[in-house]
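Structural characterization, general
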Amino acid sequence: MSFPASTPELARGLKGVILDTTETSFIDGEAGKLLYCGYNIHDLAEHSTFEEVVYLLLYGHLPRLAELRELDMALRRSRSIPKEVVDVIRLVQAAHPMDVLRTAVSALAAFDPEAKDTSEEATIRKAIRLIAQVPTIVAAHHRIRSGLELVPPNPDLSHAANFLYMLHGREPNHEETRAIDVDFILHAEHGSNASAFAARVTASTGADLHAAIVSAIGTLKGPLHGGAAEAVMRMVLEIGEPERVDEYIHQMLAEGRRIMGMGHRVYKVEDPRARHMRERARTLGEKMGQPKWYRILERIVEVTAPLRDRGISLNVDFFAGAVYYLLDIPEDLFIPMFAIGRMPGWCAQVLEQMRNNVLIRPLLHYVGPMDLEYVPIEARG
Ligand code: ACO
């Protein structure tokens, strides 16, 4: 039996490989800096809305007032989903919400009049429709599986407020709306992460936007990507009281376990997105008379100070779970929340790939046996 002679240098996991150029986002993991189309995430989180960030990512520049109004109207008009897709959601309602989302987006392709059109103009129109429809799918599925009446989209509400309204059946207040609006802004785009890469690979074959978004949703589902927000909140609930933090965390570290919501492949200092979720977790907790969860999180930050010297700092998920928990969003919807926010980033990267396409097709180095003798099945013993 012979084997291939030499092993070339491998880039396993494509770690450190620069795939292409991009104008969608810039990440500096050493400085803790994140820009969308040149704009600092802090400015966007503090002053912008999700709708404005959608415009920025799809068109590459900030909108004028009239341009933003037009996009906002288009999003509001596009929120409903066909009855047939609601039927599909009913059929698969027992599955994980990410499986339901993936299936429903796939089904939407059958009802989109431009599904197969891969021109830039049609892809932008489809991106707007899909960005608007994804929250409706997530909320509709949750109500169906809970045995509740569906709540139709409300065109008087913003993207974030309407999502909470469709989910809970009541209009959220300003604080609740802003917490989710900021959460969506912070999740909107993040370079060549696994799901955006999957969307690009699919688009690079000439497939359409629905196909690329289905790939992205499937890729986001895995625990190495979908975030650790639910694990953080589970840990916080288990700790229960701020006084119990020190003992709990010291034991975790002594056992060599990882503190969820800390550490990042790219960021070696605090993830710039964490700051804004921290602020939301604090203000929401105070407003809702539940400051305890934020206090527990802050004590965890203090106790884990030595991790920071090793480049293990807070990531965006650390405070996100508490925000979702306070807003009564069930644990298994935390990853779909990420998907709702990431929709414009996926669409922007598909558009970028389509504009200057090259088939993404790396190589594998074969390490199995070579030139084996084929033995007929009846002679194999
Ligand atoms: N708590 C304690 N120690 C940690 C943590 C953590 N959260 N994260 C990394 N370390 C330690 C590892 O044990 C390892 O130590 P060692 O060198 O002594 O073995 C060292 O830091 C390097 O860890 P790697 O896993 O090699 O680093 P990598 O950059 O590949 O990991 C990851 C990044 C997967 C995010 C990791 O930090 C982790 O598991 N964090 C917890 C889960 C989490 O919060 N995930 C969400 C990521 S953000 C997002 O998806 C939106």
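As the structure is a computational prediction, the values presented were derived from the model and not from experiment.

Points about the overall build of the chain
Across its full length, the chain holds 17 helices and three strands. Here the C-alpha atoms of the chain give a radius of gyration of 22 Å, agreeing with the 21 Å that 2.2 N^0.38 yields for 381 residues. Viewed in the frame of its principal axes, the chain has a C-alpha envelope of about 75 × 55 × 45 Å. Evaluated residue by residue, the chain yields a buried proportion of 51% over its 381 residues. In the chain, once contacts between residues fewer than 6 apart in sequence are set aside, the share between residues at least 24 apart is 76%.

With respect to the domain arrangement of the chain
The domains assigned to the chain are domain 1 (24-223 + 332-355) and domain 2 (228-326). Between domain 1 and domain 2, the contact holds 27 residues from the first and 25 residues from the second. Its largest share of buried area at the contact with domain 2, domain 1 owes to E175, L186 and F334, together 29% of the area lost on that side. The interface formed by domain 1 and domain 2 includes one salt bridge. Between E175 and K287 there is a salt bridge, with its nearest N and O atoms 3.3 Å apart. Where domain 1 packs against domain 2, one counts six residue pairs in polar contact (both at pLDDT 80 or more). For the side of domain 1 that touches domain 2, the elements supplying multiple residues, two or more each, are strand 1 (25-28), strand 2 (33-36), helix 1 (41-47), helix 8 (174-187) and helix 17 (334-355).

Quick look at the state of the cysteines
Tallying each qualifying case throughout the model produces zero disulfides. Summary of cysteine pairing: C37 is not part of a disulfide, and the nearest cysteine sulfur, belonging to C347, is at 13 Å. For C37, a relative accessible area of 16% corresponds to the buried category. For C347, a relative accessible area of 1% corresponds to the buried category.

Criteria and thresholds
Residues numbered from 1 in each chain as written. Predicted model: local features only at pLDDT ≥ 70, side-chain atom pairs only at ≥ 80, totals over all residues. Heavy atoms only, no water. Helix = DSSP H or I, 4+ residues; strand = E, 2+ residues; numbered from the N terminus. Rg over C-alpha atoms; globule rule 2.2 N^0.38 Å. Buried < 20%, exposed > 50% of the residue type's maximum accessible area, 1.4 Å probe, protein only. Contact = heavy atoms within 4.5 Å. Domains from an automatic or database assignment. Buried area = accessible area lost by both parts, 1.4 Å probe. Salt bridge = Lys/Arg side-chain N within 4 Å of Asp/Glu carboxyl O. Polar contact = N/O pair within 3.5 Å; in protein donor to acceptor, adjacent residues only side chain to side chain. Disulfide = S-S within 2.5 Å.

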